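Residue-level listing of the chains:
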Amino acid sequence: SMREGWQERPLGQVLRRRTDRLGVAPEPRILTVTEGRGLVDQMVHWGRRVATENVSDYKVVEPGDVVYNVYLLWNGAIGQNLFSDKGVTSPVYEVFTPTADVESRYLGLLLESPMLRGEFDRISIGSIQRRRRAPWQDFERIKVQLPSLSEQRRIVDLVGALDDAISACQQTRRRLEGALAKSRDARPVGMPTTVGELVSAIVNGLTTTSADQATGDGRQHFVKASAIEPGQFVPTEIKLAPNKEYDPKYSVRLNDILMTRINTPERVGHLARVDAATTGLLRPDLVWRLEVRADRVIPDFLVHSLSGPKGRELISAAAPGSAASTSMGLATFRSNRYQMPTRLP
């Protein structure tokens with residue numbers, strides 16, 4: 001039900017479709033609509049130019065304009081120009097300017113939120129999933145509930161304050177991560193040793209099949225590679241596994257030392273100690289379990305040592321591969337030598 005004082009209006013009443021082309025004007029920044037990140041600067045986002053050499057036929061996008069990808073709107077490919085200057089975007093995208101009787105940024109936040117995803121999916125037509133077209137005429141018919149203009153502005157201010165708080169937290173996190181990286185490498189010089197001398201065994205995970213990837217009943221889950229961050233186990237990064245009997249050696253246990261053996265070059269070889277509840281969690285074949293020799297090294301010390309910059313150099317040397325995917329060489333990883341202080345009595 002609609003809140004008191006709110007109005008239900010079709011988007012066509014609060015958005016004006018624009019089809020202005022750049023023509024012979026100087027080329028401004030080129031904007032691309034993404035799924036999940038909204039409207040972005042193409043060069044910043046992709047690191048390269050994707051647009052055609054001649055962008056005279058590209059549509060002009062003024063500050064505050066809303067743009068959507070007609071083929072990917074169903075998956076949230078919509079965004080607002082938050083830059084202070086105008087840009088241009090693909091001629092196959094649709095561009096709209098908010099009308100004066102609505103707070104422009106409020107409308108942008110509403111359109112980028114998950115609230116309208118069902119409506120976007122409903123108006124998208126076509127049999128090929130990634131090419132389902134969302135006609136602008138149907139987009140304009142979508143009805144939205146709008147509070148008063150003053151309340152729209154208060155909501156925008158609140159969201160802005162939250163964004164600022166999130167940005168400040170992210171900056172603090174980056175500083176702390178830098179300090180953590182330095183502390184991981186700030187260890188006393190010791191005798192050279194190999195990783196293989198510090199672990200008694202490296203246990204493979206379960207080799208999965210297409211049937212193992214099927215949806216289960218929620219009682220058992222596979223750990224994703226993303227569950228293993230450098231020095232941190234993230235128990236929410238899991239996926240359903242079929243409810244059947246698995247060899248107990250594949251179960252994730254409290255205090256296990258886990259390591260990703262296959263991933264992108266930046267993420268392969270991440271280590272973490274499991275410090276959360278593990279009931280029903282399983283290790284897939286992309287995750288090793290390291291059985292650490294407690295008489296030689298404290299498990300957490302090994303995790304943090306191999307998670308620091310110098311440790312990552314060892315990992316990179318043992319994990320050759322392409323820019324998209326690489327795998328850890330077990331023999332090379334075990335034989336890598338580095339300075340490891342002996343454990344104090």
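It should be emphasised that the depicted structure is a prediction, and the values quoted were computed from it without experimental measurement.

Novice: Pulling in residues and values, what's your account of the packing of helix α7 (residues 299-307) against helix α8 (residues 309-317)?
Specialist: Interaxial distance between α7 and α8 falls to 4 Å at its minimum, and their mutual angle equals 75 degrees. With respect to α8, the element α7 is oriented roughly perpendicular. Here S305, L306 and S307 of α7 lie close against α8, whose contacting residues are P309, G311, R312, L314 and I315. The residue makeup of the contact of α7 with α8, split by class, is 4 nonpolar, 3 polar and 1 charged.

Novice: Can you break down the environment of W288 residue by residue, with the values?
Specialist: Along the polypeptide, W288 turns up in strand β21 (residues 287-292). W288 sits 82 residues away from L206 along the chain, and the two C-alpha atoms are 9.6 Å apart.

Novice: Give a detailed account of the packing of helix α3 (residues 104-112) against helix α6 (residues 149-185), specifying residues and quantitative values.
Specialist: The N-to-C vectors of α3 and α6 enclose an angle of 65 degrees; their axes lie 8 Å apart at closest approach. Viewed along their axes, α3 and α6 adopt a mutual orientation that is roughly perpendicular. Along this stretch, α3 crosses α6, giving a crossing that reads as left-handed. Residues R105, Y106 and L109 of α3 form the contact with α6, whose own contacting residues are Q152, I155, V156 and V159. Within the contact of α3 with α6, the residues separate by chemical class into 5 nonpolar, 1 polar and 1 charged.

Novice: I'd like to hear about the sheet that holds strand β4 (residues 38-41), residue by residue, with values.
Specialist: The strands making up a sheet associate through backbone hydrogen bonding, with each pair oriented either parallel or antiparallel. Across the sheet, which stays open at both edges, the 4 strands sit in the order β4-β3-β8-β5 with mixed pairing between neighbours. Two strands lie at the open edges of the sheet, namely β4 and β5 (59-61), each paired on one side alone. With strand direction ignored, the average angle separating the axes of adjacent strands in the sheet is 40 degrees. Pairing geometry for β5 and strand β8 (residues 87-89), over 3 bridges, is antiparallel. Considered in β8, the bridge of V60 is made with V88.

Novice: Please set out unusual backbone geometry residue by residue, giving values where relevant.
Specialist: Not every positive phi belongs to a glycine, and N255 is a case in point at roughly 75 degrees. Classification of N255 by relative accessible area gives partly exposed; the value is 44%.

Novice: Can you lay out the layout of surface pockets for me, pointing to particular residues and giving the numbers?
Specialist: The space that makes up the largest pocket amounts to roughly 310 Å³. Lining the largest pocket are 14 residues, and of these R173, E177, L180, R184 and P230 lie nearest its centre. When contributions to the lining of the largest pocket are tallied by element, the ones reaching two or more residues are α6 and α7. The dominant element in the lining of the largest pocket, judged by the number of residues it contributes, is α6, at 6 residues. The class makeup of the residues in the lining of the largest pocket is 4 nonpolar, 6 polar and 4 charged. In this model, the second largest pocket occupies a volume close to 150 Å³. Around the second largest pocket, the lining residues are W6, Y106, L110, M115, L116, K143, V144 and Q145. Every element with two or more residues in the lining of the second largest pocket is listed here: α3 and β10 (143-146).

Novice: A description of the packing of aromatic side chains should follow, citing residues and the corresponding values.
Specialist: Summed over all chains, the structure comprises 5 aromatic pairs. Here the aromatic rings of F96 and F139 are separated by 5.1 Å at their centres, their planes lie at 40 degrees, and the arrangement is tilted. Placement of F96 in strand β9 (residues 94-98) and of F139 in helix α5 (residues 136-141) is noted, with a sequence separation of 43 residues between them. With a centroid separation of 6.1 Å and an interplanar angle of 75 degrees, the aromatic rings of F222 and Y246 are classed as edge-to-face. Here F222 is found in strand β13 (residues 221-223), whereas its partner Y246 is found in the loop between β16 (238-240) and β17 (257-260), with 24 residues between them in sequence.

Novice: Describe in detail α8, supporting the description with residues and values.
Specialist: Every buried residue belonging to α8 is among G311, R312, L314 and I315, and all of these are buried. Each buried residue of α8 lies within a common arc of 155 degrees when the element is viewed along its axis, so the set occupies one face. Residues of α8 that are exposed and angled more than 90 degrees away from the buried face: E313 and A317.

Novice: Which residues make up the sheet that holds strand β6 (residues 66-68), and what values go with them?
Specialist: If you trace the 4 strands from one edge of the open sheet to the other, you get β2-β9-β6-β7, paired in antiparallel fashion. Lying at the two open borders of the sheet, with one neighbouring strand each, are β2 (15-18) and β7 (78-80). When strand polarity is set aside, the average angle formed by the axes of neighbouring strands in this sheet is 30 degrees. In this sheet, β7 lies alongside β6 in antiparallel orientation, the contact comprising 3 bridges. From the neighbouring strand, V67 faces β7, where its bridge partner is G79.

Procedures and definitions
Residues numbered from 1 in each chain as written. Predicted model: local features only at pLDDT ≥ 70, side-chain atom pairs only at ≥ 80, totals over all residues. Heavy atoms only, no water. Axes fitted to C-alpha atoms, helices over the stretch in contact; angles between N-to-C directions. Helix = DSSP H or I, 4+ residues; strand = E, 2+ residues; numbered from the N terminus. Parallel < 35°, antiparallel > 145°, perpendicular 65-115°, else oblique. Contact = heavy atoms within 4.5 Å. Nonpolar A, V, L, I, M, F, W, Y, C, P; charged D, E, K, R; others polar. Left-handed = near helix turned anticlockwise from the far one by under 90°. Pairing = 2+ DSSP bridges. Buried < 20%, exposed > 50% of the residue type's maximum accessible area, 1.4 Å probe, protein only. 1 Å grid on protein atoms, 1.4 Å probe; cavity = no way out; pocket = protein on both sides within 12 Å on 5 of 7 lines; lining within 4 Å. Points joined across faces, edges and corners; volume = space filled by probe spheres on them. Phe/Tyr/Trp six-rings, centres within 6.5 Å; stacked < 30°, edge-to-face > 60°. Arc of directions from axis to C-beta.

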